[in-house]
Amino acid sequence: MSELVVEGLVKSFGGPRVLDGLDLTVPEGALAAVLGSSGCGKTTLLRVVAGFEPADAGTIVLSGTKVASPGRHVPPERRRVGVVPQEGALFPHLTVAGNVGFGLGRGRKNAVRVDELLELVGLAGFGGRMPYELSGGQQQRVALARALAPGPALVLLDEPFSALDTGLRAAVREDVRTALRATGATAVLVTHDQEEALSMADLVAVMDRGRIAQVAAPGELYASPVDLGVATFVGDAVILDVVADGLLAASALGTLELREQMHGSGRVVVRPEQITLTDAGSGIPATVTATVFYGHDALVRVDVAGSDGPVPVSIRRLGAPTDVSIGESVGVRVVGPVSFYPAV
Amino acid sequence: MAAPVPAGPVTLDSSGTPGGTAVGARRKRPPAVLVVPATVAAAIAVLPLGYLVVRSLDRGPAELLDIVWRDRTMRLTLQSLWLTGSVTVLSLVVGVSLAWLTTRTTLPWRSGWAVVAALPLAVPSYVAAYVWIAAFPRLDPFLGSVLVLTLCCYPYVLLPVAAMLYRADPALEEVARSLGRGQWRTFLTVTLRQVRPAAAAGALLVALYTMSDFGVPAILRLDVLTRDIFISYRSSFDGTRPAVLGLILVLLTVVIVWGEGRSRGRAAQARVGAGTARRQQPMVLRPWATAAGLSWLAAIAALALGVPVVSLAYWVSRGSSAGLDLGALGSAAGATILVAALGALVTTALAVPVGVLAARYRTMGVRLLEQASYAGHALPGLVVALSLVFLGVRYAQPIYQQAPLLIVAYAVLFLPAAVGAVRASVAQAPPVLEEVARSLGRSPGRVLRDVTLPLAGPGVAAGAALVFLTVMKELPATLLLRPTGMETLATRLWAGTEVGAYAAAAPYGALLILLAALPTFLLGYRRRSATLEAEPARAARLDRVEVAT
């Protein structure tokens, strides 16, 4: 059982708390992404879990063993936590095989293990090369193989793809995910890239100001963010004032379907892809104000009439927005349920 | 439990806790593996200074004050200051003018001149003094010392100023020009201000060198503190007088070093980013100015390089017609290499723990150890040697005038250079690699052995090589502490000048200049490879970790 349980973790560097009573549980074999903007403390969390920094308070339990608690700090070399740093950080004086085998002893069995791992990350036959002979993506894969080699209880990945260019990033992500699955390792990935978090992880933990704001599966997180802050951080969102009555709410976009029974005034989060464009005359009347083309999809911005003047709404559509022009009158309609947040 | 974690599941002990350590100190505490040897190194480094103070008080504070207030002491001190001031000012004039001519003008063969102008660094000052006295036996002691030391020291100003001029941001000068200032006013008000910190740092190095130098005034017979210390040590059994004069000398050098440290801080602030892609427009010189500039460069080169080369060639040819003693030359070279190798080895071994600590742990204690190991920077070689002679005579008769005491003196003198090299090369190895090694099951001691030292190895080795070559041409400590009967290249040259046997000394002078040219070459090479290695991403990562910890 290699489950990670973090409770009430506190860490400061003499100033304000970087980790402020953080709780996080990652089940065995899961890949959890810790998602947060830069400076939210996610790298510090990773360093404390790895044992590079002692915690000020709180406990870290790994595979049922307390590795950090008041008065106890297990040094990193005894935690069985593998680390994949930013930019890989391969030992420049060792070959690829030397890097992967660094956490193993010497011997024949270990040479076999090194070959196994290189094969797993798609670099069979690269053992004799030096790190500088590898591309950035290959270096990251070697770094992962090195972290997995000793069979760690937990693997920590610190923004491992941020140094790669966009094209390479997607491919390396998939390979890393496959390799982690194949070994069944429990892993925590730290990132500021919501697309990366949502596409790779089994579980996404949104981190804000030293705490975890929400932990959920990617789909659930996107559909039902716990508050408006998480909603706007994870994906684009249209936020509307509504008055709820049971499973329905009245808004500038007409009557909306709620996920849960609610009453009174508040706000809802509508995702741009939940809104469709219709011909003028059907749906809620709106005026096109702008279009933004992204290649695979496009945003169409429209104004709908609200009680206090026009309300701006973004709509996501596939393909180029060639059929609408600015100033055109259209109709809009919301499809599917939305999340409601009562006014405070 | 230093054993590597095996592949596969690991069983922890029955309590389920893999032996943690208490969270006492919030900051990472430096491991004893490093602290203990570093403390030994620091203790050795401050030993000569400490004993010098003890020895000066041997006959009580009254005697000490009596020696300080003597007329002769005052005269010597003033003479030392006067010599230092003159050499420093002249070095500034020569260094800044040559730096500007070789970097910022349209002078012909500028890059060639730039190399030639830095070459005098390869002439040990006592060899230059020998060369001049051999060529002009009636040389005035004071003027001769000023001339020789200026010619040897001006590169200390030239090099930092030229580097500053070379990479200073041209935008500032362009702005000044666009605001209506002429070429010359821009030079005076903007350019010179930019080089001021670099020039000040260089000038203080010149002052430190001149104040501490023993060979030049001794050979040219100028009565300054260093020469008098040597003479009174030789001529009397009472060590109090040389000890007190040594203390005065150390006081003066400490003031200079303090000033140097301050100016270096400011120079760093004033430095403009190294990544300037644009080059400055060189100043177009009129024909008469070109002629004047070339004559100035040629005159300095003739005095600083031409005179030594011609004079050495003359004396070597005269000496070899009389028969060159190859056996003596060979044994002196062998002895020199032996003590230099031992010195480099011991110095580097002492420097490694201090350098690693200084690069990785920044606690108060570590800073204190590092500062202590730098004591040799402010201590003139003669003073270190004198203090160790006294110590040896009184407490360590068996090793007095034996190799160990000499090696200790080298360690004290060159520990700063070695610690600097270790520190810089360890700092270049990203700490994230050490963390990864820890997470893969290596204990701190093994991380040092398997990761830190292999990565820092080339830099540490280069530092050791530099110490080796510097020891080879060291004069005062070797002179006072060498084992009985042993002669090195430097002491042979010294013996020759003492009795006026210039022809016999010449081959030693020539060999010393060749040896001294090596570190100049080595340093130049290292600087180039260091810039190649500078990876922006790695540097950014280092910065971040420094802030976080």
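Residues numbered from 1 in each chain as written. Chains lettered and ligands numbered in written order. Predicted model: local features only at pLDDT ≥ 70, side-chain atom pairs only at ≥ 80, totals over all residues.

A. A look at the overall build of chain A. Across its full length, chain A holds eight helices and 19 strands. Its C-alpha atoms give chain A principal-axis dimensions of roughly 75 × 45 × 35 Å. The proportion of buried residues among the 344 residues of chain A is 44%. Counting only contacts in chain A whose residues sit at least 6 apart along the sequence, the fraction spanning at least 24 positions is 66%. (Helix = DSSP H or I, 4+ residues; strand = E, 2+ residues; numbered from the N terminus. Buried ≥ 20, exposed ≤ 12 C-beta atoms within 10 Å, placed from the backbone. Contact = placed C-beta atoms within 7 Å.)

B. The arrangement of the overall build of chain B in detail. Tallying secondary structure elements over chain B gives 23 helices and zero strands in all. Relative to its 549 residues, chain B shows a buried fraction of 47%. Contacts in chain B between residues far apart in sequence, at least 24 positions, make up 84% of those at least 6 positions apart.

C. Spatial organisation of the packing of helix 13 (residues 326-360) of chain B against helix 17 (residues 403-428) of chain B. All names here are of chain B. With their axes 5 Å apart at the nearest point, helix 13 and helix 17 run at an angle of 40° to one another. Taken as axis vectors, helix 13 and helix 17 run oblique relative to one another. When the axes of helix 13 and helix 17 are compared, the crossing they make is right-handed. Classifying every residue of the contact of helix 13 with helix 17 gives 22 nonpolar, four polar and two charged. (Axes fitted to C-alpha atoms, helices over the stretch in contact; angles between N-to-C directions. Parallel < 35°, antiparallel > 145°, perpendicular 65-115°, else oblique. Left-handed = near helix turned anticlockwise from the far one by under 90°. Nonpolar A, V, L, I, M, F, W, Y, C, P; charged D, E, K, R; others polar.)

D. Summary view of the environment of Gly239 of chain B. Residues and elements named next belong to chain B. With respect to the helices and strands, Gly239 occurs in the loop between helix 10 (225-235) and helix 11 (240-270). The spacing of Gly239 and Arg55 is 184 residues in sequence and 7.7 Å in space, taken between C-alpha atoms. Filtering out sequence-adjacent residues up to four positions away, Gly239 remains in contact with Arg55 and Phe390.

E. Quick look at the sheet that holds strand 7 (residues 81-84) of chain A. Residue and element names in this part refer to chain A. Sheet architecture is open: six strands sit in the order 7-8-9-3-10-11, paired in mixed fashion. Since the sheet does not close on itself, it has two edges, and those belong to strand 7 and strand 11 (211-216), each with one partner. Pairwise comparison of adjacent strand axes, ignoring direction, gives a mean angle of 20° for this sheet. Across four bridges, strand 7 lies against strand 8 (residues 154-158) in parallel orientation. When the sheet's bridge partners are listed, Val81 is paired in strand 8 with Leu154. (Pairing = 2+ DSSP bridges.)

F. Spotlight on helix 14 (residues 364-373) of chain B. All names here are of chain B. Every buried residue of helix 14 is accounted for by Val366, Leu369, Glu370 and Ser373. Viewed end-on, helix 14 has its buried residues packed into an arc of 100°, placing them on one side of the element. Away from the buried face of helix 14 by more than 90 degrees, exposed residues Met364 and Leu368 are located. Buried residues in helix 14 make contact with helix 1 (32-56), helix 13 and helix 17. (Arc of directions from axis to C-beta.)

G. Molecular detail of the sheet that holds strand 12 (residues 238-251) of chain A. Residues and elements named next belong to chain A. In space, the three strands of this open sheet follow the order 12-13-19, with antiparallel pairing throughout. Of all the strands in the sheet, just strand 12 and strand 19 (339-342) have a single pairing partner and so form its edges. Within this sheet the neighbouring strands show an average axis-to-axis angle of 50°, counted without direction. Relative to strand 13 (residues 254-270), strand 12 is paired through 13 bridges, and the arrangement is antiparallel. Across the sheet, Gly246 pairs through a bridge with Met262, a residue of strand 13.

H. Quick peek at the nonpolar core. Counting residues in hydrophobic clusters, the biggest one holds 267 residues, and the most contacted among them are Leu156, Val188 and Ala205 of chain A together with Ala409 of chain B. Ranked by residues supplied to this core, first place goes to helix 17 of chain B with 17 residues. When near neighbours in sequence (up to four residues on either side) are disregarded, Ala409 of chain B contacts Val384, Ala385, Leu388, Ala477 and Leu481 of chain B. (Core = buried A, V, L, I, M, F, W, Y, C linked by C-beta atoms within 7 Å.)

I. Local environment of the environment of Leu379 of chain B. All names here are of chain B. Tracing the chain through its elements places Leu379 in the loop between helix 15 (375-378) and helix 16 (381-395). Judged by local crowding, Leu379 falls into the buried class, with 27 C-beta atoms found within 10 Å. A C-alpha to C-alpha distance of 19 Å links Leu379 and Val354, two positions 25 residues apart in sequence. Those residues in contact with Leu379, other than ones at most four positions away along the chain, are Pro48, Leu49, Val250, Val384 and Val412.

J. Here's a closer look at the pairing of strand 4 (residues 57-62) of chain A. Residue and element names in this part refer to chain A. Sheet topology places strand 1 (residues 4-12) next to strand 4; five bridges connect them, and they run antiparallel. What sits directly across from Val6, in strand 4, is Ile60. The turn joining strand 4 and strand 5 (residues 65-69), which pair antiparallel and follow one another in sequence, is formed by two residues; a positive phi near 50° is taken by Ser63.

K. The arrangement of the confidence of the model for chain B in detail. The predicted model of chain B has a mean per-residue pLDDT of 80, with 85% of residues at 70 or higher. Here residues 1-27 of chain B is modelled with pLDDT under 50, and outside its nearest four sequence neighbours on either side it reaches 44 contacts, counting other chains as well. (pLDDT = per-residue confidence, 0-100.)

L. Helix 5 (residues 166-183) of chain A, seen in detail. Residues and elements named next belong to chain A. Here helix 5 is 18 residues long and its end C-alpha atoms lie 26 Å apart, about the 26 Å a rise of 1.5 Å per residue gives. Within the span of helix 5, buried status applies to Arg169, Val172, Arg173, Val176, Ala179 and Leu180. The buried residues of helix 5 occupy an angular sector of 135° when projected down its axis, which confines them to one face. Residues of helix 5 that are exposed and angled more than 90 degrees away from the buried face: Gly167, Ala171, Glu174 and Ala182. In this structure, the buried side of helix 5 is in contact with strand 3 (31-35), helix 3 (108-120), helix 4 (136-148), strand 8, strand 9 (186-191) and helix 6 (194-200). (Expected span 1.5 Å × (residues − 1).)

M. Region of interest: the pairing of strand 9 of chain A. All names here are of chain A. Most of strand 9 sits out of view: six of its six residues are buried. The side-chain alternation of strand 9 yields two buried faces, one formed by Thr186, Val188 and Val190 and the other by Ala187, Leu189 and Thr191. Pairing of strand 3 with strand 9, which is carried by five bridges, proceeds in the parallel orientation. The partner of Ala33 across the bridge, within strand 9, is Leu189. Both strand 8 and strand 9 contribute to a ladder of five bridges, which runs parallel. Its bridge partner lying in strand 9, Leu156 is registered against Val188.

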